[in-house]
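# Geometric and topological summary
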Amino acid sequence: MKEAQRFGLVIELPHFVGSFLESGEPLFRLYGDIAKIEKRRFPQNVAIGPERTIEQDPNFAFRIIVDITIKALSKAINDPTTAVLAVDQPNRLLRKVGERRLHGDQAFDKSGQLRLILQTPNWEDFVQLAVREIRFYGAENFQVARRLRARLENLLKTLPEARHPTLRTELNRLDDAVKTIHVLPADLALASIADLKASEQV
């Protein structure tokens, strides 16, 4: 922001934190009079490392937990108990994210002038990452479907109204998946009930 203000620029960072950066790929896009700018100054403001880190990349924490859940649900491993326990962790992270004010993709200086454009995950990104793949691989398992439902319903009860539409969308998709997979009425009834004990755990 300081550099953009100093030179009267708009600076865009086209990559999300945690993105893989190819050699020679642009790290910034600069808009404005850039003829006299010393461009070497800008990369000093960006940390580049050999791998993603949980401390700097919030999506990475979700990604690791979702991968553990999916692995437990694979036909080769078939460990639904581990998967069910793992479903709780993205829910805990979603609650923390849902209670925060998430930054937008644009930052303005004190005069209201656009200075910075950067890619940041929004609420929908976090929810989709935490829910969709687990639903895709786990909806056929009663334990996983019920725990996922309980967690989504719990978030609807505890997070602000502004967060609800995205959660309801995922709950509706879970309903559709369960109805498609479980054709027997008794199985469908069981898979459609939230795991209440799980949702009440402290």
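Look above for the structure.
Here we summarise the structure given alongside this text. (Residues numbered from 1 in each chain as written. Predicted model: local features only at pLDDT ≥ 70, side-chain atom pairs only at ≥ 80, totals over all residues. Heavy atoms only, no water.)

There is about 1,200 Å³ of room inside the largest pocket. Considering the residues around the largest pocket, the lining is formed by 37 residues, among which V17, G18, Q56, D57 and P58 are closest to the centre. Sorting the residues of the lining of the largest pocket by element identifies α2 (58–73) and α3 (80–98) as the ones contributing at least two each. For the lining of the largest pocket, the element with the highest residue contribution is α2, accounting for 4 residues. When its residues are assigned to classes, the lining of the largest pocket shows 19 nonpolar, 12 polar and 6 charged. (1 Å grid on protein atoms, 1.4 Å probe; cavity = no way out; pocket = protein on both sides within 12 Å on 5 of 7 lines; lining within 4 Å. Points joined across faces, edges and corners; volume = space filled by probe spheres on them. Helix = DSSP H or I, 4+ residues; strand = E, 2+ residues; numbered from the N terminus. Nonpolar A, V, L, I, M, F, W, Y, C, P; charged D, E, K, R; others polar.)

Looking now at helix α6 (residues 164–181). The end-to-end C-alpha distance of α6, which contains 18 residues, comes to 26 Å, matching closely the 26 Å that a straight helix rising 1.5 Å per residue would cover. Here α6 has its buried residues at H164, T166, L167, E170, L171, L174, A177 and V178. Along the axis of α6, the buried residues cluster in a sector spanning 165°; they form a single face. Turned more than 90 degrees away from the buried face of α6 sit K179 and T180, all of them exposed. Where the residues of α6 are buried, they touch α4 (123–138), α5 (142–158) and α7 (185–191). (Expected span 1.5 Å × (residues − 1). Buried < 20%, exposed > 50% of the residue type's maximum accessible area, 1.4 Å probe, protein only. Arc of directions from axis to C-beta. Contact = heavy atoms within 4.5 Å.)

As a further point, take the sheet that holds strand β4 (residues 114–118). Strand order in the open sheet made by the 4 strands is β2-β1-β4-β3, with mixed pairing throughout. Two strands close off the open sheet at either side, each with one partner strand: β2 (29–31) and β3 (106–108). Neighbour-to-neighbour, the strand axes of the sheet open up by a mean angle of 15°, direction not taken into account. As paired elements, strand β1 (residues 10–13) and β4 share 3 bridges and run parallel to each other. When the bridges of β4 are listed, I11 appears paired with L116. (Pairing = 2+ DSSP bridges. Axes fitted to C-alpha atoms, helices over the stretch in contact; angles between N-to-C directions.)

Contact pair α2 / α3: the axes reach a minimum separation of 8 Å and the direction vectors enclose 160°. Taken as axis vectors, α2 and α3 run roughly antiparallel relative to one another. Helix-helix and strand crossings are classified by hand; for α2 and α3 the assignment is left-handed. Every residue of α3 that contacts α2 at A61, F62, I65, T69, A72 and L73 is listed here: P80, T82, A83, A86, V87, Q89, P90, L93, L94 and V97. Taken together, the residues of the contact of α2 with α3 break down into 13 nonpolar, 3 polar and no charged. (Parallel < 35°, antiparallel > 145°, perpendicular 65-115°, else oblique. Left-handed = near helix turned anticlockwise from the far one by under 90°.)

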